[in-house]
Amino acid sequence: METLTLSPITSARGEVTLPGSKSLSNRILLLAALAKGQTTITNLLDSDDVSHMLSALTALGVNYQLSDDKQTCTLDGLGGTFAIDEAAVLYLGNAGTAVRPLTAALAASSGDFTITGEPRMYERPIGDLIDALRQLGADISYQKDDGFPPLLIKGKPLTGGEVSIKGNISSQYLTALLMVAPLFSGDTTINVDGELVSKPYIDITLDTMAKFGVSVANNNYQSFSVTGKQTYQSPGEIMVEGDASSASYFLAAAAIGGGPVKVHGTGSASIQGDAKFAEVLKQMGAEVTYSDMWIEVKGTGNLKGVDVDLNHIPDAAMTIATAALFAEGPTRIRNIYNWRVKETDRLAAMATELRKVGATVEEGDDYIYIEPPEHIQSAAIDTYNDHRMAMCFSLASFGDAEIVINDPKCTSKTFPTYFDEFARITK
Ligand SMILES: O=C(O)C1=C[C@@H](OP(=O)(O)O)[C@@H](O)[C@H](O)C1
Ligand SMILES: C=C(OP(=O)(O)O)C(=O)O
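Each chain carries its own residue numbering, running from 1 in the direction its sequence is written. Key to labels: chains lettered from A, ligands numbered from 1, both in the order written. The predicted origin of the model limits local features to residues at a pLDDT of at least 70 and limits the giving and counting of side-chain atom pairs to 80 or more, whereas totals for whole chains, interfaces and linings rest on all residues. Where side-chain values are given, they derive from all heavy atoms of the structure, hydrogens and water being excluded.

Our focus in this paragraph is the packing of helix α4 (residues 127–135) against helix α5 (residues 172–180). Every angle, taken between N-to-C directions, lies between 0 and 180 degrees, and every axis is a line fitted to C-alpha atoms, over only the stretch in contact when it is a helix. Helical segments are the DSSP runs of H or I of at least four residues, strand segments are the runs of E of at least two, and each set is numbered from the N terminus. It is the contact of α4 with α5, at a shortest axis distance of 9 Å, that shows an interaxial angle of 30°. On the basis of their axis angle, the class for α4 and α5 is roughly parallel. Remark: the crossing between α4 and α5 carries right-handed chirality. Each of Asp-128, Leu-129, Ala-132 and Leu-133 in α4 lies in contact with α5, whose residues at this interface are Tyr-173, Ala-176 and Leu-177. Partitioned by chemical class, the residues of the contact of α4 with α5 number six nonpolar, no polar and one charged. Just so you know how the angles are binned, under 35 degrees is roughly parallel, over 145 roughly antiparallel, 65 to 115 roughly perpendicular, and the rest oblique. By convention the crossing between two helices is left-handed if the near helix lies anticlockwise of the far one by an angle smaller than a right angle, and right-handed if it lies clockwise. Contact definition: two residues touch when any of their heavy atoms are within 4.5 Å. Any residue outside Ala, Val, Leu, Ile, Met, Phe, Trp, Tyr, Cys, Pro, Asp, Glu, Lys and Arg is labelled polar, Gly included; the first ten of those are nonpolar and the last four are charged.

It is worth spelling out the site of ligand 1 at this point. We call a residue near a molecule or strand when any one of its heavy atoms sits within 4 Å of it. As a structural note, the neighbourhood of ligand 1 is formed by 13 residues, with Ser-23, Ser-171, Ser-198, Asp-315 and Lys-342 the closest of them. For ligand 1, an oxygen atom lies 2.7 Å from a polar atom in the side chain of Lys-22. For this analysis, a polar contact is any N or O atom pair within 3.5 Å, provided that within protein one partner can donate a hydrogen and the other can accept it, and provided that sequence-adjacent residues contribute only side-chain to side-chain pairs. For ligand 1, an oxygen atom lies 2.9 Å from a polar atom in the side chain of Asn-338. We get accessible surface area from the Shrake-Rupley algorithm with a probe of 1.4 Å; when it comes to residues, only the shown protein chains can shield them. Compared with its free state, where it exposes 390 Å², ligand 1 has 95% of that area covered by protein. At a threshold of 2 Å from the grid points, most atoms of ligand 1 map onto the largest cavity. Listed by contribution, the elements that provide at least two residues to the shell around ligand 1 are α1 (22–34) and α9 (314–323). The element that contributes the greatest number of residues to the shell around ligand 1 is α1, accounting for three residues. The class makeup of the residues in the shell around ligand 1 is two nonpolar, seven polar and four charged. Of the two site types, the cavity is a set of points on a 1 Å grid over the protein atoms alone where a 1.4 Å probe fits but cannot get out, and the pocket is an open set with protein on both sides within 12 Å along at least five of seven lines, each lined by residues with an atom within 4 Å of a point. Molecules are considered to sit inside a cavity or pocket once more than half of their atoms lie within 2 Å of its grid points.

The subject of this paragraph is the UniProt feature "binding site: 3-phosphoshikimate" (unreviewed entry) in the protein chain. Mapped onto the present numbering, the UniProt feature "binding site: 3-phosphoshikimate" (unreviewed entry) falls at Lys-22, Ser-23, Arg-27, Ser-170, Ser-171, Gln-172, Ser-198, Asp-315, Asn-338 and Lys-342. The subset of the named residues that lines the largest cavity consists of Lys-22, Ser-23, Arg-27, Ser-170, Ser-171, Gln-172, Ser-198, Asp-315, Asn-338 and Lys-342. Looking at the secondary structure, you find Ser-23 in helix α1. With sequence-adjacent residues up to four places away left out, Ser-23 is seen in contact with Tyr-201 and Ile-204. You can see Ser-198 is positioned in the loop between β11 (188–196) and α6 (200–211). UniProt positions are given in the numbering used here, feature names are shortened, and annotations may be inferred rather than shown by experiment.

What follows deals with the sheet that holds strand β10 (residues 161–167). Across the sheet, which stays open at both edges, the four strands sit in the order β10-β11-β13-β12 with mixed pairing between neighbours. The open sheet has two free edges, formed respectively by β10 and β12 (217–219), since each of these has just one partner strand. Sheet twist, expressed as the average angle between the axes of neighbouring strands with direction ignored, equals 20°. Each pair of strands is called paired provided DSSP finds at least two bridges between the two strands. In terms of strand pairing, β12 meets strand β13 (residues 223–226) through three bridges, oriented antiparallel. Counterpart to Asn-219 in the pairing with β13 is Ser-223.

With that out of the way, let us pick up the UniProt feature "binding site: phosphoenolpyruvate" (unreviewed entry) in the protein chain. As annotated in UniProt, the feature "binding site: phosphoenolpyruvate" (unreviewed entry) corresponds to Lys-22, Gly-96, Arg-124, Gln-172, Arg-346, Arg-388 and Lys-413 in the numbering used here. Residues from the annotated list that form part of the lining of the largest cavity: Lys-22, Gly-96, Arg-124, Gln-172, Arg-346, Arg-388 and Lys-413. Position of Lys-413 relative to the elements: it lies in the loop between β23 (403–406) and α12 (418–425). Lys-413 has contacts with Ser-47, Asp-48, Asp-49, Asn-94, Ala-95, Glu-343 and His-387, leaving out every residue within four places of it along the chain. One polar contact links the side chain of Lys-413 to the main-chain carbonyl oxygen of Asn-94, over a distance of 3.3 Å.

With that settled, consider α6. With twelve residues, α6 extends 17 Å from end C-alpha to end C-alpha; this agrees with the ideal 16 Å at 1.5 Å per step. For each residue, the accessible area found with a 1.4 Å probe, counting protein chains only, is set against the maximum for its type, and the residue is called buried under 20%, exposed over 50%, and partly exposed in between. Looking at α6, one finds that the buried residues are Pro-200, Tyr-201, Ile-202, Ile-204, Thr-205, Leu-206, Thr-208 and Met-209. Phi turns positive, to about 85°, at Gly-213, one or two residues after α6. A helix is expected to span 1.5 Å multiplied by its residue count minus one.

Grid points are joined across faces, edges and corners, and a volume is the space filled by probe spheres set on the points. What the largest pocket holds in volume is close to 260 Å³. Lining the largest pocket are 15 residues, with Pro-19, Gly-20, Gln-71, Phe-415 and Thr-417 sitting closest to its centre. For the lining of the largest pocket, a count of residues per class yields seven nonpolar, five polar and three charged.

Below, the discussion takes up the pairing of β10. Across seven bridges, β10 lies against β11 in parallel orientation. Its bridge partner being in β11, Val-163 is matched across the sheet by Ile-190. A clockwise path from the first strand over the helix to the second, with the strands pointing away from the viewer, defines a right-handed crossover. You can see the chain leave β10, run along α5 and come back into β11, and the turn it takes is right-handed.

Next comes the structure, spelled out in structure tokens:
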């Protein structure tokens, strides 16, 4: 296994141009494929999750051209759902933003489709989405364990109607249903059953749909009304915002290592919920300045622990867990049960690795409590094929000890060049 040794660092300073947002890249690619007209997408993310979506679109008969740097994509929309003659097998790695939305889109398309992925994808639940699609008449069967991929989808036109969906495990199920609903032949009312987690991702979905000409009536995130028999319309050209979750590591580095660090590509005008991550750093004592599309953080030399509900920013929340190593006093991150069903069981993984560097940690069912150590201990950090574990633990090198990151290339899921950028702004 490859490893990366990070020598102790003391400061972070500089500017970072963020790669495109994963959440936006995969939503825009799918809607561009379903839309009428040609779309040119700029600042597309070049990473594993996006290349899985692109290969799926190729297998589904979508024509597109990618620039040499893979950041510009010109795509000819189908003007409706997918239609293939021969059964297709789509390998989607561990990309939730490909698996969930494509499952819904294919259920309403023509053809037989099998969705496969990495072993971890077969442990990530999808039953709540399948239950909802089945209420609408979709023909989807589990190929291994009930409630999990791989899936066999026998696509057919769907008529819409009233449907309820659970939102307490992943917002991606609701996102998937919302994106396909305009293509049903009739109108649809989606009722969210119980709590809805990761709410700001629904705003990303609705905003992206609106850019492709479809509006949805949102009744306080409890129910959504979508008119059927619509066609997404290409906006012509569309730029992907910088990834706000990827920004979190650089901004936290500034809060710990003094800064200033400015990230370009997300800011106060951003549609991504993770742009609010900087507010947590502010609460911890950092100085934060925003413009529409950049964020700058300076450390004040006085970072304090916080007790926060971060259900709205589950990905960036992981960065607070490692930033907490450098705060005065303990930090508690609450309402993050669904960390357990992401790239790995992130509550267990985070607790184990934080303990390795010397923190005292309590792992709750849906929270993590972290008491920072007096001194960070040198450790080899296991990353569990989880890009965010690798990126978060780069921050541990602000202690006075060497940190080894096992399998650093797992950042390729969303940020292949992460460690180069981190090295560039730290010393
Ligand atoms: O819709 C999206 O783009 C995402 C939603 C979130 O997942 P959950 O809704 O499962 O929390 C987030 O963790 C994931 O990285 C991306
Ligand atoms: C949870 C994540 O990914 P996915 O889109 O696969 O759910 C993530 O990127 O942290």
